[in-house]
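Results of the structural survey
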Amino acid sequence: MDAPGGPGIEPRWTSSAKTGVGTAINPRSRVWFTISHGILNELYYPRIDIATIRDAELLVVSKDGEFWEEKRDLLHRQLYIDPEAPGFVLINEEPHGRFRIVKRVVTWPQGDVLLQQIRFEVPRGDPKDWRVYCLVAPHLGNQGMGNSAVIEGQPGTSAVIGRAWREHLHLVVTARPGFKAGSVGFVGASDGWTQLHGDRRLVEYDRALDGNVAITLELDLERGWEHTVALAFGAEAGEAELAARLALLYPYDVVERQYVSEWKRYMSGLPGLLPLDQPHAKMQRISAMVLRVHRDKQFPGAIIASLSIPWGEACGDQNIGGYHLVWPRDLVESASALLALGDTEGARHALEYLMATQAPDGSWPQNFWVDGRPYWSGSQLDETAFPIHLAYHLTQIEPARTAFFYPMVRRALAYIARNGPVTQQDRWEENSGYSAATLAAVITALVLGGAMARHQGEVTVAEFVEALADGWAAMVDAWTYTHEGTVLPGHPCHYQRIHPAAPVAEDGNIHHGFVPIKNQPPGVDPLVPEGAVIDPGFLELVRYGIKAPDDPHILTSLAVVDQVLKVDMPYGPLWHRYNRDGYGEAEDGSPYRGWGVGRLWPLLTGERGHYELARGNDPEPYLATMEQAAGDGGLIPEQVWDGPDLPERELWHGRPSGSAMPLVWAHAEFVKLLRSAREGAVFERYPVVARRYAGGLRRHLYIWHWSQPMAFWPADAAEVRIVVPRPARLVITHDDWQTHREVDLEASGLGMYYYDVVVFGLDAVEFTFFWTDTGTWEGRNFRCHREKDRVTAHPALGR
């Protein structure tokens with residue numbers, strides 16, 4: 001009988017506040033699972049970026065007609081099966097003790113099946129007086145709509161199975177012993193929850209096609225209190241059914257032991273793990289498991305940002321990506337944490353994956369599916385810099401691989417040289433301009449890449465990128481440090497979050513000075529003065545050794561950050577990303593829907609811990625704070641709720657908000673901070689960078705770059721390097737064209753061309769270009785002044 005009410009209500013995802021994530025180590029098992037509220041949430045198959053169900057839970061009906069939904073009506077506890085394996089025991093109890101559900105959850109290491117061992121316990125009375133149903137909501141292929149489901153008989157038995165499909169993805173739900181009855185329906189109209197919640201009866205519809213569907217299957221309690229439920233996947237229905245039958249051939253405990261033993265074998269191979277009786281050892285293990293769980297298996301170097309969809313309960317089919325995508329920055333942060341744990345192979349796989357996904361121009365997309373297809377189209381300069389960091393770090397462990405990694409590094413260096421120092425997006429993915437955090441990553445990448453180029457005998461390339469690094473490092477404060485800030489009255493001097501690039505208007509004036517703040521509610525003017533916004537990203541200058549921890553500009557900025565962004569929780573300090581941030585729940589705790597209020601980010605506590613260690617202070621309080629900010633399952637969230645308790649929203653002061661949990665980047669930061677604390681040195685502080693800038697920044701060479709022409713050169717400059725992206729002849733004067741020189745630019749080896757102009761004793765220079773590749777003039781002149789006069793474009797003079 002066909003289910004009525006199609007196609008059902010508009011589909012939604014579910015809570016992103018996960019308490020557990022897991023998958024088998026074995027690559028033959030291509031199923032990932034998430035847990036919250038005592039039940040399964042999204043499952044992913046056959047890749048880590050493809051969600052297949054919304055959730056799977058139990059519904060309970062008593063003989064006197066009472067109804068319970070497992071995730072909403074029961075009390076939840078969660079345990080790890082083993083401290084070194086992401087398998088879980090879920091204990092969900094009726095508040096008055098009338099019954100208890102105990103579930104054990106793992107995936108079958110040999111195939112694409114998730115197994116739940118379910119035990120329904122009734123302290124008093126007969127379990128036959130209860131009806132217990134499995135409710136599964138297929139969202140195959142990251143979509144809630146367009147799914148179909150049927151109930152079919154299980155061959156050779158009186159039992160039934162549930163089957164769902166969408167395009168080439170198939171799901172089968174079956175059990176041992178078998179389900180006694182089942183129904184499929186359209187969500188909100190004829191699904192099992194709607195029926196049982198309404199009149200406590202289940203009409204057995206056997207077909208629901210092309211909509212938002214759900215499968216409901218009744219456990220046969222007459223055949224025992226303990227059942228093993230399989231959710232199996234395949235490219236065809238037959239594949240999924242066979243996988244389920246194979247997995248159910250084995251007693252559940254046999255499958256669980258194999259799952260745990262394979263995980264323990266991996267964990268025992270991590271030399272960086274602390275003994276279990278040491279402080280932070282439990283969180284370190286959880287973090288190590290989170291990092292490994294978030295790796296794909298078809299493309300094992302791909303590590304996604306989170307197995308979650310932030311505020312998923314407010315998101316539908318239009319949000320197909322969530323955070324289960326690859327961000328190059330998050331990927332490198334995770335790979336660096338793998339190195340901190342001693343998993344060199346895992347980090348190498350990540351770099352090889354980046355090598356394979358690099359664009360022809362040397363960059364990477366803002367984020368992308370694990371098969372390399374871009375998702376968002378933005379460009380973030382640090383996401384091209386970080387793979388260079390990882391490549392260099394690996395060559396320090398495996399120097400023989402330098403030649404293999406270097407072509408990728410070379411292309412990335414060329415992209416940075418062409419497009420820097422301005423980034424289209426900062427690390428918060430919202431604004432373009434000069435960002436201290438981005439510049440820190442880029443300058444470090446140029447120095448590290450230069451060292452690799454020199455190792456490969458490309459001295460010209462090495463000298464060019466090192467000079468570029470020095471020139472940009474010398475300008476970091478000029479670009480990002482303000483003396484007219486308005487963030488905190490009485491504290492006008494500090495690094496600002498971002499300095500917008502200064503476009504030259506038709507009238508020759510530079511119009512800039514305002515930052516558009518994203519995620520603001522309708523009717524709010526998003527434009528604010530750039531000096532009115534601060535974030536702690538400048539601390540990355542200290543992490544990499546470009547700035548000293550006691551640099552006066554760092555200290556004055558920290559004073560502002562701590563008064564404006566810091567919140568002291570009972571367990572320690574947390575920080576906001578930046579003032580006026582709108583990426584978070586609304587004031588009333590309702591989910592983020594394009595605007596809200598940014599909350600506290602535990603990963604920033606880890607970054608602050610690295611700074612304090614560099615300054616000679618104890619990072620232990622910051623490790624402890626990150627650990628205390630974690631959710632009940634030990635997962636570190638993207639954000640922590642800083643408002644008052646709102647039980648109706650499941651928001652409690654100092655506990656995870658509704659954003660992504662876990663955030664793999666945060667777990668990576670914890671792992672690296674723990675390694676740094678043990679060694680008494682910042683893990684990602686590369687000596688070749690720190691030595692270069694020890695004792696102060698190099699200031700002898702300044703860069704005039706075609707992409708962002710320098711407005712002036714500082715008074716102490718001896719030379720200005722002019723850099724353009726094409727072969728050219730430079731025509732230059734310092735006396736208003738009474739005399740001039742012509743010189744061919746030198747090739748950098750990276751597709752950029754340059755010439756060093758001696759400016760000592762000069763007040764201004766003016767120049768133009770003859771492009772030798774096309775035999776044409778630029779058609780305008782550029783003028784650059786000592787100190788603060790701006791650069792402008794004029795009609796060509798004398799040409």
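For the structure, see preceding data.
Along each chain, residues carry numbers from 1 onward, in the same order as the chain's sequence is written. Thresholds applied to this predicted model are a pLDDT of at least 70 for local features of residues and 80 or more for the giving and counting of side-chain atom pairs; totals over whole chains, interfaces and linings are not thresholded and use all residues. Heavy atoms from the whole structure form the basis of all side-chain values; hydrogens and water molecules are not counted.

1. Some words on the pattern of salt bridges
Salt-bridge detection follows one rule: a side-chain nitrogen of Lys or Arg within 4 Å of a carboxyl oxygen of Asp or Glu. Considering all chains together, one arrives at 57 salt bridges under this definition. The partner of D55 in a salt bridge is K71, with the nearest N and O atoms 3.0 Å apart. On the criterion of sequence distance, the pair formed by D55 in strand β4 (residues 51-62) and K71 in helix α1 (residues 70-73) is long-range, its members being 16 residues apart. The burial state of D55 is the same as that of K71; both residues are buried. Of the charged contacts in the structure, one is a salt bridge between E778 and R780, with a shortest N-O distance of 2.8 Å. Relative accessibility thresholds used throughout: buried, under 20% of the residue-type maximum; exposed, over 50%; partly exposed, between the two (1.4 Å probe, protein chains only). By relative accessible area, which is 31% here, R780 ends up partly exposed. Among the charged side chains, a network of salt bridges with common partners joins E333, E540, R543, E669, K672 and E684. The helix count covers DSSP runs of H or I at least four residues long, the strand count covers runs of E at least two residues long, and both are numbered beginning at the N terminus.

2. A short note on the side chain of E69
Relative to the helices and strands, E69 is located in strand β5 (residues 67-69). By definition, residues are in contact when any of their heavy atoms lie within 4.5 Å. Ignoring anything within four residues of it in the chain, the contact list for E69 reads E57, L58, L59, L74 and W193.

3. Some remarks on helix α9 (residues 402-419)
Across its 18 residues, α9 extends 25 Å between first and last C-alpha, which sits within 8% of the 26 Å expected from 1.5 Å per residue. Given a residue, its bend is the angle between the two axes fitted to the seven residues that end at it and to the seven that start from it. Along α9, the sharpest change in direction is near 25° and occurs at M408. Listed in full, the buried residues belonging to α9 are T402, F405, Y406, M408, V409, A412, L413, A414, Y415, I416 and A417. For α9, the secondary structure elements touched by its buried residues are α7 (344-357), α8 (381-397), α10 (436-455), α11 (459-480) and β25 (701-705). Under the convention used throughout, the expected extent of a helix is 1.5 Å for every residue step, that is, one less than its residue count.

4. Some points on the pairing of strand β7 (residues 85-93)
Of all nine residues making up β7, eight are buried, and the element is well covered by its neighbours. When strand β6 (residues 75-82) meets β7, the two strands line up antiparallel, connected through seven bridges. If you follow Y80 over to β7, its bridge partner there is F88. Between β6 and β7, which pair antiparallel and follow one another directly, the connecting turn spans two residues. Note: β7 against strand β8 (residues 100-107), six bridges, orientation antiparallel. Across the sheet, I91 pairs through a bridge with V102, a residue of β8. Once β7 ends, the chain turns through six residues before running back antiparallel as β8, passing G97 with a positive phi of about 75°. Any two strands between which DSSP finds at least two bridges are classified as paired.

5. Some thoughts on the sheet that holds strand β15 (residues 207-211)
In spatial order, the strands read β6-β7-β8-β9-β17-β13-β12-β11-β15; together these nine strands make up an open sheet with antiparallel pairing. Sheet topology places β6 and β15 at the edges, where each strand pairs with a single neighbour. With direction set aside, neighbouring strand axes in the sheet form an average angle of 20°. The pairing of strand β9 (residues 113-121) with strand β17 (residues 226-234) spans seven bridges and is classified as antiparallel. Within β17, the residue paired with Q116 across the bridge is V229. In this fold helix α4 (residues 252-268) packs onto β6, β7, β8, β9, β13 (169-176) and β17, with an angle of close to 55° to the strand it touches most, β8. Interaxial angle, 0 to 180 degrees, is taken between N-to-C directions of lines fitted to C-alpha atoms, where a helix line uses only the stretch in contact.

6. Here's the deal with the packing of aromatic side chains
When the centres of two rings from Phe, Tyr and Trp lie within 6.5 Å, Trp using its six-membered ring, the rings pair. Their planes under 30 degrees apart give stacked, over 60 give edge-to-face, and anything left gives tilted. Under the counting rule described, the total for this entry stands at 38 aromatic pairs. Ring centres of Y80 and F88 lie 4.8 Å apart, and the angle between their planes is 50°; this geometry places the pair in the tilted category. Look at F88 and you get buried, because its relative accessible area is 0%. Ring geometry for Y481 against Y495: centres 5.1 Å apart, planes inclined by 80°, an arrangement best described as edge-to-face. Separated by 14 residues along the polypeptide, Y481 in strand β18 (residues 481-482) and Y495 in strand β19 (residues 494-495) bring together distant segments of the chain. Given a relative accessible area of 9%, Y481 falls into the buried group. Under the relative-accessibility criterion, Y495 is labelled buried at 0%. Members of the aromatic cluster, joined through ring pairs, are W704, W706, F767, F769, W771 and F782. Sitting above the plane of the Y266 ring, R292 keeps its charged end 4.6 Å from the centroid. Here, a charge over a ring means that NZ of Lys or CZ of Arg falls within 6 Å of the ring centre while also lying within 35 degrees of the ring normal.

7. Some details on the sheet that holds strand β31 (residues 753-758)
The strand order β25-β27-β31-β30 describes an open sheet built from four strands, whose pairing is mixed. If you trace the sheet from one side to the other, it starts and ends with β25 and β30 (746-747), each paired once. Inspection of the sheet shows β30 paired to β31 by two bridges, in the antiparallel sense. Note that in β31 the partner of A747 across the bridge is Y753. Sheet strands touched by α11: β25, β27 (719-724), β30 and β31. Its angle to β25, the strand with the most contacts, is close to 95°.

8. Some words on the pairing of strand β14 (residues 181-186)
Within β14, six of the six residues are buried, which leaves the element mostly enclosed by the surrounding structure. Burial along β14 is two-sided: the residues A181, S183 and G185 and G182, V184 and F186 are all buried.

9. Overview of the packing of α8 against α9
For any two helices packed against each other, one specifies the inter-axial angle together with the distance between the axes. Packing of α8 against α9 leaves a shortest axis separation of 9 Å and a crossing angle of 155°. As judged from the angle between their axes, α8 and α9 are roughly antiparallel. In this structure, α8 crosses over α9, and the sense of that crossing is left-handed. Residue-level contacts link L381, T384, A385, P387, I388, A391, L394 and T395 of α8 to T402, F405, M408, V409, A412, L413, Y415, I416 and N419 of α9. All residues other than Ala, Val, Leu, Ile, Met, Phe, Trp, Tyr, Cys, Pro, Asp, Glu, Lys and Arg, Gly among them, are scored as polar; the first ten of these are nonpolar and the last four charged. Partitioning the contact of α8 with α9 into residue classes produces 13 nonpolar, four polar and no charged. Relative orientations are named as follows: roughly parallel for angles under 35 degrees, roughly antiparallel for angles over 145 degrees, roughly perpendicular for angles from 65 to 115 degrees, and oblique for any other angle. It is the rotation of the near helix from the far one that decides the hand of a crossing: anticlockwise by less than a right angle makes it left-handed, clockwise makes it right-handed.

10. Let's talk about the environment of H324
Inspection of the secondary structure assignment puts H324 in the loop between α5 (281-293) and α6 (328-341). For the pair H324 and I48, spaced 276 residues apart in sequence, the C-alpha to C-alpha distance is 7.1 Å. If we skip the residues at most four places from it in the chain, H324 touches Y44, I48, D49, N142, I304, S306, S308, I309 and W369.

11. Observations concerning the packing of α7 against α9
Contact geometry for α7 and α9: axes closest at 10 Å, N-to-C directions at 45°. By the angle class used here, α7 and α9 are oblique. Between α7 and α9 the crossing geometry is left-handed. Residues R348, L351, E352 and M355 of α7 touch α9, and the partners they reach there are F404, F405 and M408.

12. Considering the environment of T395
Within the element layout of this structure, T395 appears in helix α8. Overall, the relative accessible area of 6% leaves T395 in the buried class. When the C-alpha atoms of T395 and G6 are compared, they prove to be 58 Å apart, with 389 residues separating the residues in sequence. If we ignore the near neighbours within four places in the chain, the residues touching T395 are T402, F405 and M452.

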